[in-house]
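# Structure at a glance
This is what each chain is made of:
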Amino acid sequence: MNNRDLGPRVIVALDYATGAEALAFAQRLDPKRCRVKVGKELFTVAGPALVEQLVARGFDLFLDLKYHDIPNTVAAACKAAAGLGVWMINVHASGGRTMMQAAREALAGQVRPPKLIAVTVLTSLGAEDLRETGQTEEPAVLAERLARLAAASGMDGVVCSAQEASRLRQACGTDFCLVTPGIRLPDAAQDDQKRIVTPGVAVSSGADYLVVGRPITKAVDPLAVLDRINAEIAAATGR
Ligand code: C5P
């Protein structure tokens, strides 16, 4: 399987407090020009029904629930998520090899299994935060260690900062899928993201998919911003 498939490379984060708001916004989006992401807040309020509605509208959907539990529980959750017809799901690489392998095995019988990716180090954690949890490695070193473990455990890729993308691409090879949040157009507000990267730089660094939330969802003209991001990606990749 080639994990670096074609198709839209922007994943719009539907970070809304209600299913109605998320659906109303998704109504304005074209599944040919972007994919969508449903995270913990939206899933907690709107649940599987909303996910199925978005999938039925033709969207490739990333269900961003970052599973981290004992292997049996994570495997069962992954199987349930796959049953919703989603395109991508994720687990925490720090859950360990056995947990990730159990997640992989749980998807084995699926006709169209979702891409299964792992979170390495949350970008909200700095070196000091990690030390407090007993992790003495620098965040980038730990991210590479966990990305290698994810690859060895059968994951299709990882979520990472675009600033780490070239390092992880080198470490894990061309077939490993890199999903990067923290994307901003050069003239956009940073919001609460600290280490931002432009779409062109992200894909040039090796990112396959770019998670973009507020720059699109809070824009006066969301479709125009999406077009600009897609144009920047096309210019950087030559396609
Ligand atoms: O609005 P913004 O573009 O900052 O949204 C980024 C999205 O990516 C949010 O849904 C956020 O939860 C997610 N994310 C992130 N940083 C990470 C992992 C996920 O911003 N390290």
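Residues numbered from 1 in each chain as written. Predicted model: local features only at pLDDT ≥ 70, side-chain atom pairs only at ≥ 80, totals over all residues. Heavy atoms only, no water.

Here we take up the overall build of the protein. Across its full length, the protein carries ten helices and eight strands. The globule rule puts the C-alpha radius of gyration for 239 residues at 18 Å, and the 17 Å found for the protein is close to it. Along the first, second and third principal axes, the C-alpha set of the protein runs to 45 × 35 × 35 Å. Counting every position in the protein, which comprises 239 residues, the buried fraction comes to 49%. Residue pairs in contact within the protein that sit at least 24 positions apart in sequence constitute 70% of those at least 6 positions apart. When the accessible surface of the protein is summed, it comes to about 11,000 Å², and 52% of that surface belongs to carbon and sulfur atoms. (Helix = DSSP H or I, 4+ residues; strand = E, 2+ residues; numbered from the N terminus. Rg over C-alpha atoms; globule rule 2.2 N^0.38 Å. Buried < 20%, exposed > 50% of the residue type's maximum accessible area, 1.4 Å probe, protein only. Contact = heavy atoms within 4.5 Å. Areas by Shrake-Rupley, 256 points an atom, 1.4 Å probe, with all protein chains shown as cover.)

With that settled, the discussion passes to the pattern of salt bridges. Scanning the model with the defined rule gives ten salt bridges in all. The partner of aspartate 227 in a salt bridge is arginine 33, with the nearest N and O atoms 2.6 Å apart. Of the two residues, aspartate 227 sits in helix 10 (residues 222-237) while arginine 33 sits in the loop between helix 1 (19-27) and strand 2 (35-38), which places them 194 residues apart along the sequence. One salt bridge in this structure joins glutamate 144 and arginine 167, with 2.7 Å as the shortest N-O distance. Here glutamate 144 is found in helix 6 (residues 139-152), whereas its partner arginine 167 is found in helix 7 (residues 165-172), with 23 residues between them in sequence. Several salt bridges converge on common partners, so that one network encompasses Lys37, Asp64 and Lys66. (Salt bridge = Lys/Arg side-chain N within 4 Å of Asp/Glu carboxyl O.)

Once that is clear, we can look at the sheet that holds strand 4 (residues 88-92). The strand order around the closed barrel built from eight strands is 1-2-3-4-5-6-7-8, with neighbouring strands paired in parallel fashion. The sheet shows a mean angle of 25° between the axes of neighbouring strands, taken without regard to direction. Pairing between strand 7 (residues 177-180) and strand 8 (residues 209-212): two bridges, direction parallel. Its bridge partner lying in strand 8, threonine 180 is registered against leucine 210. Running over the sheet, helix 4 (residues 97-106) touches strand 3 (61-67), strand 4 and strand 5 (115-119) and is turned about 160° from strand 4. (Pairing = 2+ DSSP bridges. Axes fitted to C-alpha atoms, helices over the stretch in contact; angles between N-to-C directions.)

With that settled, the discussion passes to the pairing of strand 7. The alternating pattern of strand 7 places Cys177 and Val179 on one face and Leu178 and Thr180 on the opposite face, and all of these are buried. Bridge analysis of strand 6 (residues 157-159) against strand 7 gives three bridges, and the strand direction is parallel. Bridged to glycine 157 within strand 7 is cysteine 177. Once you follow strand 6 into helix 7 and on to strand 7, the crossover reads as right-handed. (Right-handed = clockwise from strand over helix to strand, strands pointing away.)

On to the environment of valine 225. Within the secondary structure, valine 225 sits in helix 10. Counting along the chain gives ten residues from valine 225 to proline 215, while the straight-line C-alpha distance between them is 7.4 Å. Aside from chain neighbours lying at most four places away, what touches valine 225 is Leu185, Pro215, Ile216 and Ala219.

Taken N-terminus to C-terminus, the directions of helix 3 (residues 71-82) and helix 4 make an angle of 30°; their axes are 8 Å apart at the nearest point. The orientation of helix 3 relative to helix 4 falls into the category roughly parallel. For the element pair helix 3 and helix 4, the recorded crossing hand is right-handed. Contacts between helix 3 and helix 4 involve Pro71, Val74, Ala75, Cys78 and Lys79 from the former and Thr98, Met99, Ala102, Ala103 and Ala106 from the latter. (Parallel < 35°, antiparallel > 145°, perpendicular 65-115°, else oblique. Left-handed = near helix turned anticlockwise from the far one by under 90°.)

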